[in-house]
Amino acid sequence: MRNPIRGMANIADQLHACAVHAAATVKTKKTTSVDDSVQAAMKEFGVETKYVDVTIQFIGASQLSKLEPIVTMAPFFHASLDDKLSYVSSVQPNTLAPVWNEVWHVRNVPSTAMLSVIIRDKHRAALIDHYVGKFVTTINPGAKEVEIHGPMNIRDRGTFWLKIDSSPSRDDPVLFPYLFDGPIHYSSHSSPTVGALTKLWDSRLYTTWKIYIKGIPRIFGDQVQHWNRDYKAAQAIFQGPASIAIRSGIQTAHRMLYARSVTNLFGVIQSAEDVFTLFRGGTRRGSVDGNASYAHRIKPAVYTYVISTDDDSLRFSETGAAFFVDFASKHALHSNCAKTVRYSGEFHPRPVGGWARFSDSVRDEEVGWELVIDNNSGTYSPDPALLPKVKEIVELNFTGFDVIVVRHDDPALKVSTDACRAYAVNERGVTEHELQPHVTEGEETLLAHASSSQVSQVR
């Protein structure tokens, strides 16, 4: 005799799939709530929601196509689980058969959840990427070969391969549903103004990093930091009629800085060596021996960071990055003018004992390393009482570094920061003006580049 409870679960699964299909294919003025449909069906049949931990392996695709004739493309995809949690892939250049082999671990997912994937073609010159197609599938375990549908449900836009593994959730799913659990993947992005430079000694001054970190809901809960209403620069961005135009310019610049591109570097943090790699770099011209490369050394530099509320990512760049010129707030540029962030401030790496006691005659591998993190952000003025939570989240994601948290007004912070910058100038050939946002002669600023892009879009 068949199990009636299992039969009800199957019915609920089918109803969920139908609800998702209707929401994805029928265009109405009123938004269809898939979650409400599922909950109503399960309540009617008395089926208890089951939760699973899933591992999704995005393998690749083949025979991708668009409406217009093409020879090749640079595809990437955006995946989401019930619109609760999202994943963005790397860009695969010059191919119609991309291979990703990227993995996504998510805990405490309803077994009835649906996976939605949108495939796009990265357009080098445009802010908006070309739409290729999408598909929706269940998270039932096993290998899947899925047909990609284009606009107006046009079929035959290619085939996508993926593999899903699942197991019963290990903890209370109600407390932390759709919990991202790794891998910790990152991307680095170059400012669009970097291509016009003729004297580029250090590309890191034109680079942003974005790292999808885990543990945010568990450690921070629902705590966020609102923009500082008492800070004049923040008032100009978030308050008053003129703020609309200011935010528009910053948001355009943010999209340019963090856009997925064929020039991005992508990686996964699996070890201390992967973390150290993020902070290595720098090339300088010496007075005698020509260029000196420090690609294998941790760079003495101060970074501006935000932990975003949008996607729980850590976003940062060097505080002296060239693209900060003309922007009222570095943190607003990183946050995309979000009204709240999880946290923000500055940080810098240092050898145990500090940069003042360090020498380049000592290999980086021969000493311990620390990451000094503060809450130095006028735009969001984050609560210093939460610095221990920042320490916990960084230690969870960045193995290999001991994390030291310091209030922005602690005199010890200035001593450590000054020592870091002094070492950069005296031992690594960094010039004084590179410690603050700057542009070289004839260089277009990011704000000017973003403004001209807005004008061209209007035309």
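The structure contained in this document is the topic of the report that follows. Computed from a predicted model, the values in this text were never measured in an experiment.

Quick notes on the overall build of the chain
1) Next: Each helix and strand counted, the chain has 10 helices and 20 strands in total.
2) Next: Residues classed as buried in the chain amount to 49% of the 459 residues present.
3) Next: Taking the intrachain contacts of the chain between residues at least 6 apart in sequence as the baseline, contacts between residues at least 24 apart amount to 70%.
4) Next: Of the accessible surface of the chain, which amounts to about 22,300 Å², a share of 53% is contributed by carbon and sulfur atoms.

Considering the pairing of strand β8 (residues 159-168)
1) Next: As paired elements, strand β1 (residues 51-62) and β8 share 10 bridges and run antiparallel to each other. Bridging from a neighbouring strand, threonine 55 pairs with aspartate 165 of β8.
2) Next: Relative to β8, strand β7 (residues 142-147) runs antiparallel, the two sharing six bridges. Residue pairing in the sheet places lysine 144 in a bridge with leucine 162 of β8.

Quick word on the side chain of serine 344
1) Next: Checked against the element boundaries, serine 344 lands in strand β18 (residues 340-351).
2) Next: On the basis of relative accessibility, which here comes to 0%, the residue serine 344 falls in the buried class.
3) Next: In this structure the side chain of serine 344 is engaged in a polar contact, spanning 3.0 Å, whose partner is the side chain of serine 377.
4) Next: Not counting residues up to four positions away in its chain, the partners in contact with serine 344 are Tyr305, Val306, His331, Asp374, Asn375, Asn376, Ser377, Tyr380 and Pro382.

Thoughts on the pattern of salt bridges
1) Next: Counted by the stated rule, this structure contains 19 salt bridges.
2) Next: For arginine 170, the salt bridge is made with aspartate 181, and the minimal N-O distance between the two is 3.8 Å. With arginine 170 in the loop between β8 and β9 (179-180) and aspartate 181 in the loop between β9 and β10 (184-190), the pair connects residues that are 11 residues apart, well separated along the chain.
3) Next: With relative accessibility at 24%, the residue aspartate 181 sits in the partly exposed group.
4) Next: Notably, a salt bridge pairs glutamate 395 with lysine 391, separated by 2.9 Å at the nearest N-O pair. Highlighted residues: glutamate 395 and lysine 391, both in helix α8 (residues 387-397), separated by four residues, approximately one helical turn.

Considerations on the nonpolar core
1) Next: Grouped together as the largest cluster of nonpolar side chains are 39 residues, with contacts concentrated most on Ile211, Phe279, Tyr305, Phe316 and Phe398.
2) Next: Counting residues per element, this core draws most heavily on α8, which supplies four residues.

Points about unusual backbone geometry
1) Next: Cis geometry is found at the peptide bond from glycine 182 to proline 183, where omega equals -10°.
2) Next: Here proline 183 lies in the loop between β9 and β10.
3) Next: For asparagine 108, which is not a glycine, the phi torsion comes out positive at approximately 60°.
4) Next: The buried category is assigned to asparagine 108, whose relative accessible area is 0%.
5) Next: Within the chain, asparagine 336 stands out as a residue other than glycine whose phi angle is a positive 65°.
6) Next: Relative to the helices and strands, asparagine 336 is located in the loop between α7 (330-335) and β18.
7) Next: Residue asparagine 336 is classed as partly exposed on the basis of its relative accessible area of 25%.

Here's the deal with the packing of aromatic side chains
1) Next: Considering all chains together, one arrives at 28 aromatic pairs under this definition.
2) Next: Judged by centre distance (4.7 Å) and plane angle (45°), the rings of phenylalanine 58 and phenylalanine 77 are tilted. Of this pair, phenylalanine 58 sits in strand β1 while phenylalanine 77 sits in strand β2 (residues 75-81), placing them 19 residues apart in sequence. Both residues of the pair, phenylalanine 58 and phenylalanine 77, belong to the buried class.
3) Next: Ring geometry for phenylalanine 316 against phenylalanine 347: centres 5.4 Å apart, planes inclined by 70°, an arrangement best described as edge-to-face. Placement of the pair is phenylalanine 316 in strand β17 (residues 313-318) and phenylalanine 347 in strand β18, with a sequence separation of 31 residues.

Thresholds, definitions, all that
- Residues numbered from 1 in each chain as written.
- Predicted model: local features only at pLDDT ≥ 70, side-chain atom pairs only at ≥ 80, totals over all residues.
- Heavy atoms only, no water.
- Helix = DSSP H or I, 4+ residues; strand = E, 2+ residues; numbered from the N terminus.
- Buried < 20%, exposed > 50% of the residue type's maximum accessible area, 1.4 Å probe, protein only.
- Contact = heavy atoms within 4.5 Å.
- Areas by Shrake-Rupley, 256 points an atom, 1.4 Å probe, with all protein chains shown as cover.
- Pairing = 2+ DSSP bridges.
- Polar contact = N/O pair within 3.5 Å; in protein donor to acceptor, adjacent residues only side chain to side chain.
- Salt bridge = Lys/Arg side-chain N within 4 Å of Asp/Glu carboxyl O.
- Core = buried A, V, L, I, M, F, W, Y, C linked by side-chain atoms within 4.5 Å.
- Phe/Tyr/Trp six-rings, centres within 6.5 Å; stacked < 30°, edge-to-face > 60°.

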